[in-house]
Amino acid sequence: MRLDVLGSAGTYPTADRPASGYVVSAGTTHVLCDAGFGTFAELTRRMDPDQLDAVVLSHRHPDHCVDFLALHHALSYGPYQRRGLLVFCAPGVEDRLADFLGAGEGHVFFDVFDFHEVGETNHVTVGSIDLRFAVTSHRVPTIATRFEAAGRSLAYSADTGPGGGYPELCEDADVMLCEASLEGERDDHHFVHHLTATEAGAIAREAGVQKLILTHLPPSLDPERSRSEATSVFGGKVAVASPGDVYEI
Ligand SMILES: [Zn+2]
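Here we summarise the structure given alongside this text.

Here is what the cut-offs are and how they apply
Residues numbered from 1 in each chain as written. Predicted model: local features only at pLDDT ≥ 70, side-chain atom pairs only at ≥ 80, totals over all residues. Heavy atoms only, no water. Pairing = 2+ DSSP bridges. Helix = DSSP H or I, 4+ residues; strand = E, 2+ residues; numbered from the N terminus. Axes fitted to C-alpha atoms, helices over the stretch in contact; angles between N-to-C directions. Left-handed = near helix turned anticlockwise from the far one by under 90°. Contact = heavy atoms within 4.5 Å. Nonpolar A, V, L, I, M, F, W, Y, C, P; charged D, E, K, R; others polar. Donors = N, O, S within 2.8 Å, 3.2 Å for Na, K, Ca; no water. Tetrahedral: all angles 85-135°; square planar, octahedral: opposite > 155°, others 65-115°. Phe/Tyr/Trp six-rings, centres within 6.5 Å; stacked < 30°, edge-to-face > 60°. Buried < 20%, exposed > 50% of the residue type's maximum accessible area, 1.4 Å probe, protein only. Polar contact = N/O pair within 3.5 Å; in protein donor to acceptor, adjacent residues only side chain to side chain. Patch = residues over 30% accessible without salt bridge, like charges linked within 9 Å, V, L, I, M, F, W, Y side chains within 5 Å. Areas by Shrake-Rupley, 256 points an atom, 1.4 Å probe, with all protein chains shown as cover. Salt bridge = Lys/Arg side-chain N within 4 Å of Asp/Glu carboxyl O. Lys, Arg positive; Asp, Glu negative; His and termini not counted. Charge placed at Lys NZ, Arg CZ, Asp CG, Glu CD. Core = buried A, V, L, I, M, F, W, Y, C linked by side-chain atoms within 4.5 Å.

Okay, the sheet that holds strand β13 (residues 237–240) next. Overall, mixed pairing links the seven strands, which are arranged β7-β8-β9-β10-β11-β12-β13 in an open sheet. Each edge of the sheet is formed by a strand with only one pairing partner; in this case those strands are β7 (123–126) and β13. Adjacent strand axes in the sheet meet at a mean angle of 20°, parallel and antiparallel pairs treated alike. Note that strand β8 (residues 129–135) and strand β9 (residues 143–149) share six bridges and pair antiparallel.

It is worth spelling out the packing of helix α7 (residues 197–207) against helix α8 (residues 223–234) at this point. Relative orientation of the contacting elements α7 and α8 amounts to 35°, with a least axis distance of 7 Å. For the pair α7 and α8, the sense of crossing is right-handed. Taking contact as the criterion, the partners of Ala197, Thr198, Gly201, Ala202, Ala204 and Arg205 in α7 are, on α8, Ser226, Glu229, Ala230, Val233 and Phe234. Tallied by class, residues from the contact of α7 with α8 come to six nonpolar, three polar and two charged.

The subject of this paragraph is the coordination of the zinc ion. For a metal with four donors in a tetrahedral arrangement, the ideal angle between donors is 109.5 degrees, while six donors in an octahedron ideally sit at 90 or 180 degrees. Looking at the zinc ion, the protein donor atoms are His59 (NE2), His61 (ND1), His138 (NE2) and Asp159 (OD), and they sit 2.2 to 2.3 Å from it. Taken together, the four donor atoms surrounding the zinc ion define angles of 92 to 169° at the centre, an arrangement classified as irregular. Within one chain, the residues donating to the zinc ion are spaced in sequence as H-x1-H-x76-H-x20-D. Here His61, found in the loop between β4 (54–57) and α2 (62–65), pairs with His138, found in the loop between β8 and β9; they are 77 residues apart in sequence, far enough to count as distant.

On to the packing of aromatic side chains. Applying the stated rule across the entire model yields eight aromatic pairs. Summarising the aromatic geometry, the rings of Phe68 and Phe113 are spaced 4.4 Å apart at their centres and angled 40° between planes, so their arrangement reads as tilted. With Phe68 in helix α3 (residues 68–77) and Phe113 in strand β6 (residues 113–117), this residue pair connects regions lying 45 residues apart in the sequence. Neither Phe68 nor Phe113 differs from the other in exposure class; each is buried. With a centroid separation of 5.4 Å and an interplanar angle of 35°, the aromatic rings of Phe109 and Phe115 are classed as tilted. For the pair shown, Phe109 and Phe115 are each scored as buried. Counting every residue linked through ring pairs, the aromatic cluster contains Phe68, Phe109, Phe110, Phe113 and Phe115.

Once that is clear, we can look at the pairing of strand β1 (residues 2–7). The buried count for β1 comes to five of six residues, which makes it a mostly enclosed element. As defined by bridge partners, β1 adjoins strand β14 (residues 246–248) across three bridges and the pair is classed as antiparallel. Of the residues in β14, the one forming a bridge with Asp4 is Val246. Relative to strand β2 (residues 21–26), β1 runs antiparallel, the two being bridged by five bridges. Paired with Asp4 across the bridge in β2 is Val23.

With that out of the way, let us pick up the side chain of His138. Of the residues examined, His138 reaches a relative accessible area of 11% and is grouped as buried. Here Asp159 takes part through its side chain, which lies 3.2 Å from a polar atom of the side chain of His138. For His138, the contacting residues outside a window of four places in its chain are His59, His61, Asp159, Thr160, His193 and His194.

What follows is about a negative patch on the surface. Together, Glu120, Glu168, Glu171 and Asp172 make up a region of like negative charge exposed at the surface. Tracing the backbone shows Glu168 in helix α6 (residues 166–169).

Core analysis: the largest hydrophobic core is formed by 59 residues, its most contacted members being Leu57, Phe68, Leu71, Phe113 and Phe147. Not counting chain neighbours up to four residues away, the residues in contact with Leu57 comprise Asp34, Ala35, His64, Cys65, Phe68, Val87, Phe88, Cys89, Ala90, Val93, Leu97 and Ile143. Listed in part, the 25 residues of the second largest apolar core include Ala155, Ala204, Leu217 and Val238.

Throughout the structure, instances matching the rule amount to 12 salt bridges. One salt bridge connects Asp174 with Arg152, and the closest N-O pair in it is separated by 3.2 Å. Taken together, the residues Asp174 in the loop between α6 and β11 (175–179) and Arg152 in strand β10 (residues 152–156) connect sequence positions 22 residues apart. Residue classification places Arg152 among the partly exposed positions, given a relative accessible area of 36%. Taking the shortest distance from any N to any O, the salt bridge between Arg186 and Glu199 comes out at 2.6 Å. One end of the pair, Arg186, is in the loop between β11 and α7; the other, Glu199, is in helix α7, and 13 residues separate them in sequence. A relative accessible area of 23% means that Arg186 is categorised as partly exposed. Put simply, Arg2, Asp4, Glu42, Arg45 and Arg46 are held in one network by salt bridges that share partners.

What follows is the structure in structure tokens.
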């Protein structure tokens, strides 16, 4: 299995760092996981959008899904014939995107995509990749996703605060791709729906994962500090995701 980082910036993008977006691949199967600000252009550097087998949208916050609208425009109005592309998402995502497009009955949006709302009871297979989900602790309904192929596993947090279903989803994963929106000590009064790097490291240690990749660091954070804070708790290998990174899992 392969993880290709399109973007990793938390909250908002910068010139060289789009917001959250990844491609998870196994053989010829490709799943786009989140589509934050700036990630569609990065996707087109790697593949034609009609090569995707499915899309996962973790939640309706724009830094995770707004470039799905660019994917819609490419597939609907570009040269591609693709219809019925599978989309697995948290409740509320399809309605939000359809609203933005003004997509009423009969709109091409509903031909191009085949939406499925998923939660912790769903288990789906896309080509050679199995996907399971957990509901995270966030401000709006949000799903974390575990990808498995050929005995290897990747657990992606999406956005989450402490608690929720993500820690269990990570159990014995080969790679944990986890948000770390915060540095230093937790402030109980702010940002309770995101994790510190230390908390990400603690989840990795408890779950017994092999490798931790931190992501969703806002541009104002120091990645080396985050990596160091997570490492001091986890004790294993910690990386910080950057666009262009490719991880063989
Ligand atoms: Zn969010």
